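Structural characterization, general
Next come the chains, spelled out residue by residue.
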Amino acid sequence: MELSLVPLLLEAAVRAGTPILLVALGELLAERAGILNLGVEGMMLVGALTGFIVSQQSGEPWIGVLAAAMAGVMLSCVHAFLSISLHANQVGSGLALTIFGTGLSGLLGKSFVGVPAKGFAPIAVPWLADVPLLGRMFFQHDPLVYVAYLLVPGLWVLLYRTRPGLKVRAVGEQPRSADALGISVVVVRYSCVLAGGSAAGLGGAYLSLAYTQMWVDNMTAGRGWIALAMVIFGGWNPVRTALGAYLFGGVQALQLRLQAIGVTVPTYLLMMTPYAFTILALIIASASRARGHVGTPTALGRAYIRGE
Amino acid sequence: MAKWLAVMVITLLTSVLGAAGGTPEALKVGFIYVGPVGDYGWSYAHDQGRKYLETTLPDVQTTYVESVPEGADAERVLTQLARSGHKVIVATSYGYMDTMLKVAERFPDVVFLHCSGHKRRANMGTYFGRMYQASYLTGLVAGTMTQKKRIGYVAPIPIPEVIRITNAFVLGVRAVNPEVNVHVVWTNAWYDPATESEAANSLLDIGADVIATQSDSPAPVQTAERRGAYGVGFNADASKFAPEKHLTSAIWNWGPYYAAAVKQVRAGTWKSTDEWWPIGTGIVGLSPFGPVVVDTLKNLVEQRKQDLIAGRFDVFWGPIKDQSGKLRIAAGEKPADEMLLGMNWFVESVVGTVPK
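Residues numbered from 1 in each chain as written. Chains lettered and ligands numbered in written order. Predicted model: local features only at pLDDT ≥ 70, side-chain atom pairs only at ≥ 80, totals over all residues. Heavy atoms only, no water.

As a further point, take the overall build of chain A. A tally of regular secondary structure across chain A gives twelve helices and two strands. Taking 19 Å as the expected radius of gyration for a compact globule of 308 residues, we find that chain A reaches 19 Å, a close match to that expectation. For chain A, the C-alpha atoms occupy an extent of roughly 65 × 50 × 40 Å along the three principal directions. Burial analysis of chain A (308 residues in total) assigns 55% to the buried set. The long-range fraction of contacts in chain A, counting pairs at least 24 apart against all pairs at least 6 apart in sequence, stands at 77%. Summed over its atoms, the accessible surface of chain A is roughly 12,500 Å², and 71% of this surface lies on carbon and sulfur atoms. (Helix = DSSP H or I, 4+ residues; strand = E, 2+ residues; numbered from the N terminus. Rg over C-alpha atoms; globule rule 2.2 N^0.38 Å. Buried < 20%, exposed > 50% of the residue type's maximum accessible area, 1.4 Å probe, protein only. Contact = heavy atoms within 4.5 Å. Areas by Shrake-Rupley, 256 points an atom, 1.4 Å probe, with all protein chains shown as cover.)

Residues A:L128, A:V131, A:L133 and A:L134 make up a contiguous nonpolar surface patch of roughly 340 Å² in combined accessible area. On the basis of relative accessibility, which here comes to 39%, the residue A:L128 falls in the partly exposed class. (Patch = residues over 30% accessible without salt bridge, like charges linked within 9 Å, V, L, I, M, F, W, Y side chains within 5 Å. Salt bridge = Lys/Arg side-chain N within 4 Å of Asp/Glu carboxyl O.)

Glancing now at the sheet that holds strand β9 (residues 230-235) of chain B. Residues and elements named next belong to chain B. Taken in spatial order, the seven strands make up an open sheet running β12-β10-β9-β8-β6-β7-β15, and their pairing is mixed. Strand pairing shows two members of the sheet lacking a second neighbour, β12 (284-286) and β15 (350-351), which therefore form its edges. Strand direction decides the pairing type here: strand β10 (residues 246-252) and β12, joined by three bridges, are antiparallel. By the bridge assignment, A250 is partnered in β12 with L286. In the packing of helix α8 (residues 219-226) onto the sheet, the strands contacted are β6 (150-155), β8 (210-213), β9 and β10, and the crossing angle to β9 comes to about 170°. (Pairing = 2+ DSSP bridges. Axes fitted to C-alpha atoms, helices over the stretch in contact; angles between N-to-C directions.)

That is the geometry; function is a separate question.
Written as structure tokens, this is what we have:
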């Protein structure tokens, strides 16, 4: 591969990894509090549509982003209510949310297909963008990429260095003990699921306002599911999850570029690499978990019913 | 049980309302689509055709069912349409072929129309448009506009139809400039705007200055515009997504075919045939040219189009060599449709491979 293409490849890796990363960070937070939300794909789609509509109507993509996050929150409320308050099966509730979100966005989005709207343009970060190589790779993106940059350390600090973060982890590991210590399991779980929903909406908005600037049905094309895999790959750690998301983006960008320069590797092999990578990542993560290196939140997927 | 009851009630209601509201001789035409009508691509184009049918022919009532997976679901939907009084049923994906054949046997009084397939019976015909002809014309434009002699092509799924249309584009490019290379990237999906956009990015990264696409969304054209390159769209007019740099799009226009077929059914003259309509019928064509396309180029395209219509020329007339330089179609040879329908090799000037 031509050497000059490497910085462009890494730039593409960041671009392609960002929607997955945004969604994965939100899911990570919810799962850390013990709630598995398989509705991310649906929330992402509703976020993408809402962001697009609001940006198209208002002419201001940032308002669109805000609306997308709100839409994610609203949809995640359904999952939170079902799984936290009604102790419903989290897998069932999440899947229902994905199916609902896919249908809803398709229905409401009908009249917005084929309509152009204002989206984000790349913004160079002062000083940093001028750093040779690295500047081009990491600091000449659209603003939502930078939001993702900030969210990664932000979430890490929250989880590992603050009291609220400690509470979240306690609720995800031992909700009964946390409850006994006076931590409200319900409040913590609701907050995390809702915050996670906003991140999923953000990830959707990235697709409809930054990556491509249009709305078409089902435009997430399975990225929500990849995000779920990246949370596991990252061992519920924001930094490692970010690494996974960018790696996934990188593998996808690489296979497209190998095709573009006409490398004679079997194309089917190239096309399956991102997914092969995901499977491999999950195997590695599971293997190291078996050795006790990474911990799934102990209470993940289990409803908490006081006194039971 | 409750579900069946609901279905029965709805069927009853619609038939009662239909009888009360519509004209008695209204002909019901049903469509099934493999994707959402909101894809702004393949299914969208067929749905535009359905709307055209409804507005041009009086007393025609249409129904559509979108995003129907091929297989058992399609059989259920097709049967349902036939049972509920639809006299013409249109299926718009190759994968519906065997299912439709099976349902057509059970409903001999209903006319079935299948897009892009090759199996027929007395009450089931096939139809398609020679999109490769329109694609060739877009190639003329792209080949003229490229300065770096490097064009990027975003291709969806490697089947003969896609390869044929890609080759036609490349032959158009070669006709005006044989030194240009066309780099082909497969997304392996009919429909994934973000990946299509990234595929366009990968082609722009290696220095392509024109991006053409055959995938379902206008994302590659939009990405090209954002990075200052020209774009050629497919399926539907992509100009709204690239007001400055859009050159043209190869587009479907199914309406006239649907109107003609339904007219024949109504007149009782319809016969099961294999319709592969050429560009002269208007079933395929070009969207309006973008602002950067000059008149001389427009004239060239128009002239070639007239040649195609008059039969003075066709896209795959020999000599045509493949990527390895091997002569595939000899000079003076006019390949039969069978060969075009099974095409699984790229013509010369393509950089990229046909997955095997």
